[in-house]
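Structural overview
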Amino acid sequence: MRIRATVAAVTGALALSAFAVPAAQADDSAISRADVAKVLDSAHAASGKSGARIAAADAPYALDASFSNVKVNGGKAIVAGTSKHVTVPTTFTLTHGADVDIAAADFVVDLEIYRGSYESPDNYLFGDLYPTCTPVSTTVASCKGTIDVRPGDGELRNSDAGTWNANAYAVAFNGQDPTADDFDVTKVGVAEVAKVGTTKVQRFSKLTVNASPEPVKKGKTITVKGNLTRANWDTGKYAGYTVQSVKLQFKKKGTTTYLDVKTVKSGSAGALKTTVKAAADGYFRYNFAGTTTTPAVKAAGDFVDVN
């Protein structure tokens with residue numbers, strides 16, 4: 001389990017210190033995220049970034065490393081419910097100088113996502129483990145990691161739904177022990193990019209349908225009800241998604257395609273209700289196209305036998 005403590009006034013990757021993970025809990029690396037945050041803090045101070053919390057007399061050197069081909073969850077949105085732990089993959093290419101030892105135990109590379117501005121993020125998410133990089137040449141490596149999300153632990157708020165940015169960094173400690181009294185940060189190399197890509201974090205959605213009566217005589221009225229709900233990260237429960245356009249669709253028995261019947265607006269508590277005339281045996285369903293904050297969802301078809 002990650003330890004997340006609230007820290008005031010964090011900037012950019014300095015937010016790592018607010019979400020510090022002891023090394024023994026993160027992975028087999030000798031370097032903790034708090035150690036990394038300490039070095040990044042020093043780099044920010046030297047570059048004059050606002051919010052740095054130490055003097056810039058000493059600073060890490062610029063590491064010869066860059067990031068490209070960044071993908072979070074294969075380009076798909078990260079969708080989280082109210083309690084289930086969600087893990088999605090990250091991939092990127094690390095290009096580095098021939099003198100950078102990416103296999104060293106104290107070399108750290110990471111890709112994270114943040115909501116809001118880089119200088120003052122509203123929220124930050126990262127993986128339980130640091131990414132692993134596999135060399136494809138003497139100066140290029142293919143890296144894989146994860147973003148881990150635990151909505152049940154309060155890691156998300158409703159305001160977090162939407163577009164997030166991704167940042168990346170690499171830190172070469174070069175044998176320097178960040179916990180030692182003689183730690184020399186000037187011998188540590190840092191490469192950091194504030195924005196290397198974007199992704200969406202969305203509130204998991206649910207959609208139901210119930211067509212009645214069943215069976216029904218041809219030409220009689222069928223009432224089709226349903227509910228559109230989505231995860232409420234503030235309460236840890238599901239709540240109705242109101243004032244949303246949802247399509248009612250019908251698939252005639254013996255066919256494979258659903259056709260649009262009409263559009264229905266979700267009401268109180270996400271309730272859906274409309275009527276149609278019974279014409280043929282088949283399946284009714286509601287189909288929600290989704291929004292920036294909420295993914296598309298389709299209800300399972302409800303069969304109606306028309307006599």
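Going by the structure above, here's the rest.
Numbers given to residues run from 1 along each chain, matching the order in which its sequence is written. Residues qualify for local features only when their pLDDT is at least 70, as the model is predicted, and side-chain atom pairs are given and counted only at 80 or more; totals for whole chains, interfaces and linings, by contrast, use all residues. To get the side-chain values, all heavy atoms of the structure are used, and hydrogens and water are removed first.

Turning our attention to the pattern of salt bridges. The salt bridge criterion pairs a side-chain nitrogen of Lys or Arg with a carboxyl oxygen of Asp or Glu, the two atoms within 4 Å. Enumeration over the complete set of coordinates arrives at five salt bridges. For R157, the salt bridge is made with D160, and the minimal N-O distance between the two is 3.7 Å. Relative accessible area serves as the criterion here: at 1%, D160 is assigned to the buried category. Ionic pairing is found between K247 and D260, a salt bridge with its closest N-O pair at 3.3 Å. Taken together, the residues K247 in strand 15 (residues 245-252) and D260 in strand 16 (residues 259-265) connect sequence positions 13 residues apart. Each residue gets one of three labels from its accessible area relative to the maximum for its type: buried under 20%, exposed over 50%, partly exposed in between, using a 1.4 Å probe on protein chains only. Assessed through its relative accessible area of 38%, K247 is described here as partly exposed. You can call D260 partly exposed: its relative accessible area is 46%. Counting from the N terminus, the helices are DSSP H or I runs at least four residues long and the strands are E runs at least two residues long.

Moving on, we come to the environment of A103. When you line up the elements, A103 lands in the loop between strand 4 (86-96) and strand 5 (107-116). Under the relative-accessibility criterion, A103 is labelled exposed at 69%. Linking A103 and C133, residues 30 residues apart in sequence, is a C-alpha distance of 8.4 Å.

Another point: the pairing of strand 10 (residues 189-203). For two strands to count as paired, DSSP must find a minimum of two bridges between them. In this sheet, strand 10 lies alongside strand 1 (residues 61-62) in parallel orientation, the contact comprising two bridges. Across the sheet, the residue bridging to A62 is V190, located in strand 10. As judged from the three bridges shared by strand 3 (residues 78-80) and strand 10, these two strands associate in the parallel manner. The residue bridging I78 from the neighbouring strand is V201, located in strand 10. Here strand 9 (residues 162-172) runs beside strand 10; their pairing, made up of 10 bridges, is antiparallel.

All right, on to the packing of aromatic side chains then. Side-chain rings of Phe, Tyr and Trp, where Trp is taken by its six-membered ring, are said to pair if the distance between their centres is within 6.5 Å; with planes under 30 degrees apart they count as stacked, over 60 as edge-to-face, and otherwise as tilted. Taken as a whole, this structure holds seven aromatic pairs when the rule is applied. Between Y241 and F288, the aromatic rings sit 5.8 Å apart at their centres with planes inclined by 85°, giving edge-to-face as the arrangement. A residue pair is termed long-range when its members are at least 10 positions apart, and Y241 in the loop between strand 14 (237-240) and strand 15 and F288 in strand 18 (residues 282-288) qualify at 47 residues. For Y241, a relative accessible area of 8% gives the class buried. Given a relative accessible area of 2%, F288 falls into the buried group. Every member of this aromatic cluster is reached through a ring pair, and the members are Y114, Y118 and Y124.

Ordered by their spatial adjacency, four strands build an open sheet running 2-4-8-7, and the pairing between neighbours is antiparallel. At either end of the open sheet lies a strand with only one pairing partner, and these are strand 2 (65-72) and strand 7 (132-135). Each adjacent strand pair in this sheet contributes to an overall mean axis angle of 25°, direction not counted. Bridge count for strand 4 against strand 8 (residues 140-149) is 10 bridges, and the pairing is antiparallel. The residue of strand 8 that forms the bridge with T91 is K144. A fitted line through C-alpha atoms serves as each axis, taken over the contacting stretch for helices, and the angle formed by two N-to-C directions is quoted from 0 to 180°.

What follows covers the state of the cysteines. A covalent bond between the sulfur atoms of two cysteines is what we call a disulfide. We call a pair of cysteine sulfur atoms a disulfide when they lie within 2.5 Å. Counted under the stated rule, the structure contains one disulfide. Put simply, C133 and C143 are joined by a disulfide, and their sulfur atoms are 2.1 Å apart. As the torsion about the S-S bond is roughly 110°, the C133-C143 disulfide counts as right-handed. Pair noted here: C133 is in strand 7 and C143 is in strand 8, with a separation of 10 residues, a long-range link. Overall, the relative accessible area of 1% leaves C143 in the buried class.

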